[in-house]
Amino acid sequence: MSAPQSNPVITDVFVEGARKGWSIATGSTLPNVVMAFIIIKALEITGALKGLGVIFAPLMGLFGLPGEAATVLIGGWMSMGGGIGVAIGLFDKDIITGEHLAILAPAIYLMGSQVQYLGRILGVIGTRAKLIPLMIALSVVNAFLAMLLMRIIL
């Protein structure tokens, strides 16, 4: 006969969850966000942010966004935390507004972290290489459709 199982104390469950959350925040999210702030500052200092804004202005204008907002999508495509960091960096510099953040948020999550996950997941599970570009394209199209929808809603 096995020993009766005891129910965990709620404070122990909370503390364990807090430890796990702290580990994720400090080991994954925070470095990506800090990296994104540094990248935005470097792009701003070199003038590349303004150049990217000019290049992407026609495309981003379709969504009611300034051209510089493309850096949020590029950052989010590499890392969701990075995309959020880039968005906050642009918001902090008054380049994008709260409304712009609302338009961009679904796109960050719909196409987020694909660069990170390509090798970690798709390669490991044996996804056929010729399907990977299609998978990437579908999520980018979904992200753009979500931005259009958000623009209509707002």
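Higher on the page you've got the structure.
The structure presented is a predicted model; accordingly, all values stated were derived computationally and were not measured. (Residues numbered from 1 in each chain as written. Predicted model: local features only at pLDDT ≥ 70, side-chain atom pairs only at ≥ 80, totals over all residues. Heavy atoms only, no water.)

Draft legend 1. Geometry of the side chain of Thr 71. Among the secondary structure elements, Thr 71 is positioned in helix 3 (residues 70-78). Only 2.6 Å separates the side chain of Thr 71 from the backbone oxygen of Glu 68, close enough to count as a polar contact. (Helix = DSSP H or I, 4+ residues; strand = E, 2+ residues; numbered from the N terminus. Polar contact = N/O pair within 3.5 Å; in protein donor to acceptor, adjacent residues only side chain to side chain.)

Draft legend 2. Here's a closer look at helix 5 (residues 98-110). Across its 13 residues, helix 5 extends 19 Å between first and last C-alpha, which sits within 8% of the 18 Å expected from 1.5 Å per residue. Where helix 5 bends most, at Leu 104, the angle is about 30°, and the proline Pro 106 comes one to four residues later. By the burial criterion, the buried members of helix 5 are His 100, Ile 103, Leu 104, Ala 107 and Ile 108. Its buried side turned inward, helix 5 meets helix 3, helix 4 (80-92) and helix 7 (132-153). (Expected span 1.5 Å × (residues − 1). Bend = angle between axes of the 7 residues up to and from the residue. Buried < 20%, exposed > 50% of the residue type's maximum accessible area, 1.4 Å probe, protein only. Contact = heavy atoms within 4.5 Å.)

Draft legend 3. Structural view of a nonpolar patch on the surface. Taken together, Phe 37, Ile 84, Ile 88 and Tyr 109 make up a surface patch of nonpolar side chains, about 350 Å² in accessible area. Position of Ile 88 relative to the elements: it lies in helix 4. Residue classification places Ile 88 among the partly exposed positions, given a relative accessible area of 38%. (Patch = residues over 30% accessible without salt bridge, like charges linked within 9 Å, V, L, I, M, F, W, Y side chains within 5 Å. Areas by Shrake-Rupley, 256 points an atom, 1.4 Å probe, with all protein chains shown as cover. Salt bridge = Lys/Arg side-chain N within 4 Å of Asp/Glu carboxyl O.)

Draft legend 4. Just the environment of Thr 29, in detail. By the secondary structure assignment, Thr 29 is in helix 1 (residues 10-46). We classify Thr 29 as partly exposed; its relative accessible area is 38%. C-alpha of Thr 29 to C-alpha of Ser 79: the two residues are 50 residues apart in sequence and 9.3 Å apart in space.

Draft legend 5. Geometry of the nonpolar core. Ranked by internal contacts, the top residues of the largest apolar core, which has 22 residues, are Met 60, Leu 65, Val 72, Leu 73, Leu 90, Leu 104 and Met 147. Those elements that provide at least two residues to this core are helix 1, helix 2 (48-61), helix 3, helix 4, helix 5 and helix 7. Considering every element that reaches this core, the biggest residue donor is helix 5, with four residues. Once residues within four sequence positions are removed from consideration, Leu 65 is found in contact with Met 60, His 100, Ile 103, Leu 104 and Met 147. (Core = buried A, V, L, I, M, F, W, Y, C linked by side-chain atoms within 4.5 Å.)

Draft legend 6. Inspection of the pattern of salt bridges at higher detail. Applying the stated criterion across every chain yields a total of three salt bridges. Between Arg 19 and Glu 16 there is a salt bridge whose closest N-O contact spans 3.8 Å. Within this pair, Arg 19 and its partner Glu 16 are both found in helix 1, separated by three residues, close to a single helical turn. Overall, the relative accessible area of 55% leaves Arg 19 in the exposed class. For Glu 44, the salt bridge is made with Lys 41, and the minimal N-O distance between the two is 3.6 Å.

Draft legend 7. Layout of helix 7. Helix length check: helix 7 (22 residues) gives 32 Å between terminal C-alpha atoms against 32 Å at 1.5 Å per residue, within 8%. Among the residues of helix 7, Ile 132, Ile 136, Ser 139, Ala 143, Ala 146 and Met 147 are the ones counted as buried. Looking down the long axis of helix 7, one finds its buried residues gathered within 100° of arc, a one-sided arrangement. Seen from the buried face of helix 7, the exposed residues on the opposite side, beyond 90 degrees, are Leu 145 and Ile 152. (Arc of directions from axis to C-beta.)

Draft legend 8. Quick look at the environment of Leu 62. Along the chain, the position of Leu 62 falls in the loop between helix 2 and helix 3. The exposure class of Leu 62 is exposed, given its relative accessible area of 52%.

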